[in-house]
Amino acid sequence: MNMISAAHVGIGIRGVEGQQAARASDYAIGEFKLLKRLLFVHGRECCRRNANLILYNFFKNIVLVLPVFWVGFHMAFSGQRIYENWLYSLFNVFFSSWPIIIYGLFDQEYNDSSLMEYPFLYEKGARNEHFRPRRFWLWFLNALWQSGVIGSLAIYYMEYSAVTQSGKMVDIWGTGALILGVCVMIANLKILTFSFVHSLTGLFFVFGSIGVYITAFVIVNTLRSSDLYKNFKEYWSTGNFYFSHIILLAATTLMDLANERYHSIDYIFLCLIFVRSR
């Protein structure tokens, strides 16, 4: 009883001795043989998914917030806002919430039979490789680098070289709209780079979240109180605006995809070598 209560995750077994252990536990099983599947399948995958979920939430918010700092160099740190208030406040609530929930529930790196047959796949979680300080700081530096790329290139492409159809230079709200739009796309597409299951449900929520952002942009565009009032058409009719989305996504998300797949393949090769050597 004391050991179950003191453990991070207590597992009790229902038996002839009684139900006290099962009542005090976080998870109760009927037979001792079920413990292997609970650890090697559900425990292993839950640890991996939760670690990535935490790292992802740090990542997406750093990518959203730090471009304001980089843009500040071009504005003498005047404190000027660059994001429209409504769109900014909806970022974590509607634009980047559901895809990571779907990932945390359904993603699976290996199928159940492989995880049961090769227990060494559990070692990565036992060694705390999913959430060690080095991995956290790598994610942090990646977000820091991507925020710098977004903030610097957005200023260059929008305020220094973009002209609207009416012949005017793009203002700071156009730069902010570009940065926020790219952040929404990066936050959603990032999940596809480190997930292993790309189901129709997951893809629906990833691209649906981007669609919700565009819809919200259109709605905000009609509000007189908004800083983006009647600017949607003007911005999207500017070539620099939508080409900047493509360039910034290529400079960030494609690099993420290449990096994630490289390390994933490397680990799979190590697993195959280990299996063949047995």
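Caption draft 1: Summary view of the packing of helix H3 (residues 34–72) against helix H9 (residues 133–159). Two elements in contact, H3 and H9, have axes whose closest approach is 8 Å; the angle formed by their N-to-C orientations is 35°. In this structure, the crossing between H3 and H9 has a hand that is right-handed. For the contact of H3 with H9, the class distribution of residues is 17 nonpolar, six polar and one charged.

Caption draft 2: Expanded view of the side chain of Asn221. Along the polypeptide, Asn221 turns up in the loop between helix H11 (200–220) and helix H12 (232–236). Sequence-distant contacts of Asn221, defined by excluding residues within four places in its chain, comprise Leu228, Tyr229, Lys230, Asn231 and Phe232.

Caption draft 3: Looking closely at the packing of aromatic side chains. For the coordinates displayed, the defined rule picks out 19 aromatic pairs. Relative to Phe140, the ring of Trp137 lies with its centre 5.3 Å away and its plane at 75°, an arrangement referred to as edge-to-face. Here Phe140 and Trp137 lie together in helix H9, a separation of three residues that amounts to about one turn. A residue is classified by how much of its surface remains accessible, and Phe140, at 27% relative accessible area, is partly exposed. One aromatic cluster is present, formed by Tyr56, Phe59, Tyr103, Trp139 and Phe194 through successive ring pairs. Sitting above the plane of the Phe59 ring, Lys190 keeps its charged end 4.7 Å from the centroid. Residue placement shows Lys190 over the ring face of Trp139; its charged tip is 4.6 Å from the ring centre.

Caption draft 4: Inspection of a nonpolar patch on the surface at higher detail. Among the surface-exposed residues, Trp98, Ile101, Leu105 and Phe106 lie close enough to one another that they form a single nonpolar patch of about 440 Å² accessible area. Tracing the backbone shows Phe106 in helix H6 (residues 98–106). By relative accessible area, which is 56% here, Phe106 ends up exposed.

Caption draft 5: Molecular detail of the nonpolar core. By size, the foremost hydrophobic cluster in this structure holds 50 residues, and its most contacted members are Leu87, Phe91, Ile179, Cys183, Leu228 and Tyr235. Of all the elements in the fold, those that place two or more residues in this core are H3, helix H5 (91–95), H6, H9, helix H10 (172–194), H11 and helix H13 (239–276). Per element, the largest residue contribution to this core is 16 residues, and it comes from H10. When sequence neighbours within four positions are dropped, the list of residues in contact with Ile179 reads Pro67, Val71, Ile82, Tyr83, Ile150, Gly151 and Ala154. Among the nonpolar cores identified, the runner-up in size contains five residues, and Tyr110, Leu115, Phe120 and Leu121 belong to it.

Caption draft 6: Region of the structure containing H9. For H9, spanning 27 residues, the distance from its first C-alpha to its last is 38 Å, which sits close to the expected 39 Å at 1.5 Å a residue. Of the positions making up H9, those classed as buried are Trp139, Asn142, Ala143, Gln146, Ser147, Gly148, Val149, Ile150, Gly151, Ala154, Ile155 and Met158.

Caption draft 7: Representation of the side chain of Lys60 in the model. The topology assignment puts Lys60 in helix H3. The side chain of Lys60 sits in the buried core without any salt bridge; Asp256 is the nearest counter-charge, 14 Å away. Ignoring anything within four residues of it in the chain, the contact list for Lys60 reads Phe91, Asn92, Ser96 and Ala187.

Caption draft 8: Main features of the pattern of salt bridges. Inspection of every chain in the model, using the stated rule, returns ten salt bridges. Here Glu109 ties to Arg44 by a salt bridge, and the two come within 2.9 Å at their closest N and O atoms. Of this pair, Glu109 sits in the loop between H6 and helix H7 (112–117) while Arg44 is found in helix H3, placing the two residues 65 residues apart along the sequence. Within the structure, one salt-bridge network assembled from shared partners comprises Arg44, Glu45, Arg48, Asp107 and Glu109.

Definitions and limits used
- Residues numbered from 1 in each chain as written.
- Predicted model: local features only at pLDDT ≥ 70, side-chain atom pairs only at ≥ 80, totals over all residues.
- Heavy atoms only, no water.
- Axes fitted to C-alpha atoms, helices over the stretch in contact; angles between N-to-C directions.
- Helix = DSSP H or I, 4+ residues; strand = E, 2+ residues; numbered from the N terminus.
- Left-handed = near helix turned anticlockwise from the far one by under 90°.
- Nonpolar A, V, L, I, M, F, W, Y, C, P; charged D, E, K, R; others polar.
- Contact = heavy atoms within 4.5 Å.
- Phe/Tyr/Trp six-rings, centres within 6.5 Å; stacked < 30°, edge-to-face > 60°.
- Buried < 20%, exposed > 50% of the residue type's maximum accessible area, 1.4 Å probe, protein only.
- Lys NZ or Arg CZ within 6 Å of the ring centre and 35° of its normal.
- Patch = residues over 30% accessible without salt bridge, like charges linked within 9 Å, V, L, I, M, F, W, Y side chains within 5 Å.
- Areas by Shrake-Rupley, 256 points an atom, 1.4 Å probe, with all protein chains shown as cover.
- Salt bridge = Lys/Arg side-chain N within 4 Å of Asp/Glu carboxyl O.
- Core = buried A, V, L, I, M, F, W, Y, C linked by side-chain atoms within 4.5 Å.
- Expected span 1.5 Å × (residues − 1).
- Lys, Arg positive; Asp, Glu negative; His and termini not counted.

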